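Coordinate analysis (summary)
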Amino acid sequence: MKAAAKHTAFKVQIGSALASSTASESQRQLLQLRVDLDMDGPSAHCFIELADGTPPAPGDAVEVKLDAGDGMQAVFTGIVACVEARATGQTVLAHGAFALLGQSEVEGAYESVSADFIVKDLIGKAGATAGTVAKGPDLAAWAVHRGPTALGHLRHLAMLCGAGLFADGAGKIHCAAPKTGSADHNFKFGETITHLAVQKIAPAFDSVEVWGEGAASAKGADKAHWLSTDLSGVSAKAAVAADGTVQAGKLGARPLRLREGALRSGEAVEAVAKAWAASLAARLVRGSLEVFAAPKVLPGDLVAITGLPDGHAAAGLLGQGQVLHVRGVRHVLDRQRGALTRLTF
């Protein structure tokens with residue numbers, strides 16, 4: 001038996017105007033709301049439908065908060081991108097910090113730093129705020145030039161680190177490795193779940209082999225700049241077992257081969273190989289889950305589904321204690337269905 005949806009309070013601040021579930025403080029009538037935070041892109045944007053009134057101006061600050069019973073939680077921070085007038089009101093499109101990163105061109109040169117230093121520096125140069133950033137491998141040298149945007153450079157670095165780029169509700173940019181351990185959030189079948197679709201996907205690659213450059217491993221750190229014909233010291237591999245565990249030093253039947261000259265040590269290539277294998281393991285189960293409003297869930301979080309009947313197909317597919325890696329979060333608030341959160345894996 002499905003439990004009744006809880007009442008969800010909201011506050012949508014657009015410039016100086018507030019749309020709120022508390023009538024005494026609300027200045028605008030909210031008709032519909034949709035917030036999207038996604039690693040695949042990555043993207044952070046918000047659609048707000050308001051009743052008639054003075055339209056906001058492009059560039060106005062936007063903050064959206066939801067309260068599903070645990071206090072107000074910011075689920076989006078950004079600025080107005082455009083406003084569309086309609087017969088019964090207006091629709092506002094707001095962009096998060098990724099739009100700023102996608103519009104900024106930066107440049108710089110780095111020597112003997114870890115990848116997280118460059119990621120944080122790029123985010124800061126573009127005018128955004130960094131959140132959690134995976135350390136990543138040590139890089140002998142790295143150049144950032146104009147042409148690709150700051151977002152383009154960040155995507156390259158995140159891919160090298162096996163990390164996911166996403167924005168949180170406060171607008172911070174995260175470049176985080178897949179989490180491990182127990183679930184951050186639990187959703188019970190038959191009570192809070194309104195939609196479920198999961199499937200196991202055989203990855204295109206079941207292992208990764210990484211090659212760097214230089215002679216540091218064979219001749220010492222001061223010879224890292226030497227070109228060597230024997231690259232065995234700057235190569236590493238890691239595989240993903242059928243149960244999702246990462247096996248360092250092994251290669252599967254469908255390996256992905258990466259080459260990066262900025263990796264000049266055995267430790268650096270080994271870190272990249274393990275990180276890539278972990279990112280592959282995090283995507284063995286894919287699908288979507290829709291629940292009653294869950295404003296605390298973020299991309300990168302781990303969720304678990306509890307209460308599945310023994311004979312349910314999802315129970316057999318997920319097994320005991322399986323956690324799902326969230327890649328996308330969509331919050332929807334409308335008059336037909338109320339407040340819902342859709343998670344994609």
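Our subject is the structure listed above.
The next subject is the overall build of the protein. Secondary structure summary: the protein contains six helices and 23 strands in total. Here the C-alpha coordinates of the protein stretch approximately 75 × 55 × 30 Å along the principal axes. For the protein, the proportion of its 345 residues judged to be buried stands at 46%. A fraction of 66% describes how many contacts in the protein between residues 6 or more apart in sequence connect residues 24 or more apart. Element-wise, carbon and sulfur atoms account for 51% of the exposed surface of the protein, whose accessible area totals about 16500 Å². Each charge sign in the protein was given a centre, from 33 positive and 33 negative side chains, and these centres are 3 Å apart.

Take the sheet that holds strand β17 (residues 246-248) next. Across a sheet, paired strands are connected by hydrogen bonds in the backbone, their directions being either parallel or antiparallel. Strand order in the open sheet formed by four strands is β17-β16-β15-β18, and the pairing between neighbours is mixed. Lying at the two open borders of the sheet, with one neighbouring strand each, are β17 and β18 (255-259). Between one strand axis and the next, the sheet turns by 20° as a mean value, whatever way the strands run. Note that strand β15 (residues 207-211) and strand β16 (residues 235-240) share five bridges and pair antiparallel. Looking across to β16, one finds that V208 is bridged to A238. Seen against the sheet, helix α5 (residues 266-281) touches β15, β16, β17 and β18 and runs at an angle of roughly 20° to β16.

Moving on to the pairing of strand β3 (residues 30-38). Taken residue by residue, a regular strand's side chains alternate between the two faces of the sheet. Here eight bridges tie β3 to strand β4 (residues 43-50), and the two strands are oriented antiparallel to one another. When the bridges of β4 are listed, D38 appears paired with S43. Between β3 and β4, which pair antiparallel one after the other, the connecting turn spans four residues, and G41 there sits at a positive phi close to 150°. As judged from the seven bridges shared by β3 and strand β22 (residues 328-334), these two strands associate in the antiparallel manner. Paired with L33 across the strands is L333, a residue of β22.

What counts and what doesn't
Residues numbered from 1 in each chain as written. Predicted model: local features only at pLDDT ≥ 70, side-chain atom pairs only at ≥ 80, totals over all residues. Heavy atoms only, no water. Helix = DSSP H or I, 4+ residues; strand = E, 2+ residues; numbered from the N terminus. Buried < 20%, exposed > 50% of the residue type's maximum accessible area, 1.4 Å probe, protein only. Contact = heavy atoms within 4.5 Å. Areas by Shrake-Rupley, 256 points an atom, 1.4 Å probe, with all protein chains shown as cover. Lys, Arg positive; Asp, Glu negative; His and termini not counted. Charge placed at Lys NZ, Arg CZ, Asp CG, Glu CD. Pairing = 2+ DSSP bridges. Axes fitted to C-alpha atoms, helices over the stretch in contact; angles between N-to-C directions.

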